[in-house]
Amino acid sequence: MQRLTWSGIALHVGKLPGYPASHGCIRLPRNFAQTLYSTTERGMHVVITRQAAEPVRVSHTVLPQPFAPETAVASLSEKTIEADPALRGAIPEASLETSVPAILPENPYFDQPLRMIITPQEPPNRVKVLQDLLNRMGFDAGPVDGVMGRKTRAAISLFQEGADLPVTGNLTDALEARIQADGGYEKPQNAMLRIRRKFRDIYATQVTVKNIDREIGTHVFTALDFRPGDAAVDWIAVSAEGQRGGSPKDVLDRIEISAKVADELAKMLTPGTSLTVTDREFARNTGLGTDFVVITR
């Protein structure tokens, strides 16, 4: 038996009656199970689909590539030579590279694949955001509890009075926008990228998914093998829920990652790293000693 979740779902040898015969386990013919168990090990990513699913190669700017820093090299340009004719003939006629590969620091985790997941996150409570901003600006809105109580309304009234606005103590979209602007509030992005290594969280940051209200489905992208110093790696994709949410490329087209985050991912990337993009829940079966576990029904 190979366990998939701590809640009791596993791959195991058993009769195949042709219909679901357990609460979620996957029954295997004995010969296939022996082959599978001999070629797999703890920590390998498993994708189980209701329909046949073939891995496809995919190329996209959102998918990390190995980090390849370059070091600038000084060179004499034509303009430099024209500015000082004495330099003409003093250097050999040869093209000079403007940059050379820098020495990469050794990644001590290069043999440990990362498990990455992107999921939508709930927008922040608007009243809590309002209370926090008013408190920071010196208006006593009370505890940041999301309750539009007496102190919060009084703080709104004081803000309206100071901003030469009609004093109503009521929250409107226009007033909310004004308080956010005056408080220097930056709206958070609508999705989270989380990373695990050896079953432990090591990184988390916000990203953006366009058209967040549309279905995403569940898509798993896996980096193939590469060596330290390689400038590129190929990725394959498997859609675990058929065409729900669109094709893997359609889903990647909706993701926006900042240049800073992309650079950090490139530095961490290792062979066999996987990225799951899903609108399904993962927290229930994900814990200490597991990768990200997504149940699609």
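What you see is a predicted model, and the numbers here were worked out from it, not measured in a lab.

K.L.:
Is there a simple way to explain the sheet that holds strand 2 (residues 10–13) in this structure?
P.N.:
Strands belonging to one sheet form pairs held by backbone hydrogen bonds; the direction of such a pair is parallel or antiparallel. Spatially, 1-2-3 is the arrangement adopted by the three strands of the open sheet, whose pairing is mixed. Looking at strand neighbours, the two that pair on one side only are strand 1 (2–3) and strand 3 (26–28), the edges of this open sheet. Pairing of strand 1 with strand 2, which is carried by two bridges, proceeds in the antiparallel orientation. By the bridge assignment for strand 2, R3 is matched with A10.

K.L.:
Just checking my understanding: could you explain the pattern of salt bridges for this structure?
P.N.:
Any two side chains of opposite charge can pair, on the condition that their charged atoms come close. Summed over all chains, the structure comprises 15 salt bridges. The salt bridge partner of R244 is D279, with a shortest N-O separation of 2.5 Å. Of this pair, R244 sits in the loop between strand 11 (235–239) and helix 6 (248–253) while D279 sits in the segment after strand 13 (274–278), placing them 35 residues apart in sequence. Look at D279 and you get partly exposed, because its relative accessible area is 29%. Among the salt bridges present, the one from D253 reaches K249, with a minimum N-O distance of 3.2 Å. Taken as a pair, D253 and K249 lie in helix 6 at a separation of four residues, close to a single helical turn. For D253, a relative accessible area of 32% gives the class partly exposed. Shared partners join several salt bridges into a network, and the residues in it are E215, E241, R244, D279 and R280.

K.L.:
Sorry, what's going on with the environment of R115 here?
P.N.:
Mapped onto the elements, R115 comes out in strand 7 (residues 114–120). Spatially, the C-alpha atoms of R115 and G43 are 9.6 Å apart, while their sequence positions differ by 72 residues. Beyond its immediate sequence surroundings of up to four residues, R115 is in contact with G43, M44, H45, R194, I195, R196, G272, T273, S274, D291 and F292. Side chain to side chain, R115 and S274 meet in a polar contact 3.1 Å long.

K.L.:
Help me understand the pairing of strand 7, please; the structure alone is not making it clear to me.
P.N.:
Put simply, side chains in a regular strand alternate between the two faces of the sheet. The buried fraction of strand 7 is high, at six of seven residues. Judged from the seven bridges that link them, strand 7 and strand 8 (residues 191–197) form a sheet pairing that is antiparallel. When the sheet's bridge partners are listed, T119 is paired in strand 8 with M192.

K.L.:
Can you walk me through the packing of aromatic side chains in this structure?
P.N.:
How two aromatic rings sit relative to each other is set out by the distance from centre to centre and by the angle between their planes. Under the defined criterion, the tally for this structure stands at three aromatic pairs. With 5.4 Å between their ring centres and 85 degrees between their planes, F110 and F226 make a pair best called edge-to-face. Taken together, the residues F110 in the loop between strand 6 (99–101) and strand 7 and F226 in the loop between strand 10 (218–223) and strand 11 connect sequence positions 116 residues apart. The exposure classification of F110 matches that of F226, with both residues buried. Taking the centre distance of 5.8 Å and the plane angle of 75 degrees together, the rings of F139 and F159 count as edge-to-face.

K.L.:
Help me understand the nonpolar core in this model?
P.N.:
In a soluble, globular protein the nonpolar side chains are often hidden away together inside. Membership of the largest hydrophobic core comes to 29 residues, with the highest contact counts inside it found for I118, L193, F221, W235 and L275. L133, A141, A155 and I179 belong to the second largest nonpolar core, which has 11 residues in total.

K.L.:
Is there a simple way to think about the pairing of strand 8 in this case?
P.N.:
Counted residue by residue, strand 8 has six buried out of seven residues, so it is predominantly covered. By the bridge criterion, seven bridges tie strand 8 to strand 9 (residues 200–209) in an arrangement that is antiparallel. If you follow L193 over to strand 9, its bridge partner there is T205. Taken together, strand 8 and the strand that follows it, strand 9, pair antiparallel across an intervening segment of two residues, in which K198 is found at a positive phi of about 50 degrees.

K.L.:
Just checking my understanding: could you explain the packing of helix 4 (residues 150–162) against helix 5 (residues 173–182) for this structure?
P.N.:
To describe two helices that pack against each other, one gives the angle between their axes and the distance between the axes. Running from N to C, helix 4 and helix 5 cross one another at 75 degrees; their axes reach a closest spacing of 12 Å. Accordingly, the angle class assigned to the pair helix 4 and helix 5 is roughly perpendicular. Between helix 4 and helix 5, the contacting residues are I156, F159 and Q160 on the first element and L175, R178, I179 and D182 on the second. Class assignment for the residues of the contact of helix 4 with helix 5 results in four nonpolar, one polar and two charged.

What counts, and where the lines are drawn
Residues numbered from 1 in each chain as written. Predicted model: local features only at pLDDT ≥ 70, side-chain atom pairs only at ≥ 80, totals over all residues. Heavy atoms only, no water. Pairing = 2+ DSSP bridges. Helix = DSSP H or I, 4+ residues; strand = E, 2+ residues; numbered from the N terminus. Salt bridge = Lys/Arg side-chain N within 4 Å of Asp/Glu carboxyl O. Buried < 20%, exposed > 50% of the residue type's maximum accessible area, 1.4 Å probe, protein only. Contact = heavy atoms within 4.5 Å. Polar contact = N/O pair within 3.5 Å; in protein donor to acceptor, adjacent residues only side chain to side chain. Phe/Tyr/Trp six-rings, centres within 6.5 Å; stacked < 30°, edge-to-face > 60°. Core = buried A, V, L, I, M, F, W, Y, C linked by side-chain atoms within 4.5 Å. Axes fitted to C-alpha atoms, helices over the stretch in contact; angles between N-to-C directions. Parallel < 35°, antiparallel > 145°, perpendicular 65-115°, else oblique. Nonpolar A, V, L, I, M, F, W, Y, C, P; charged D, E, K, R; others polar.

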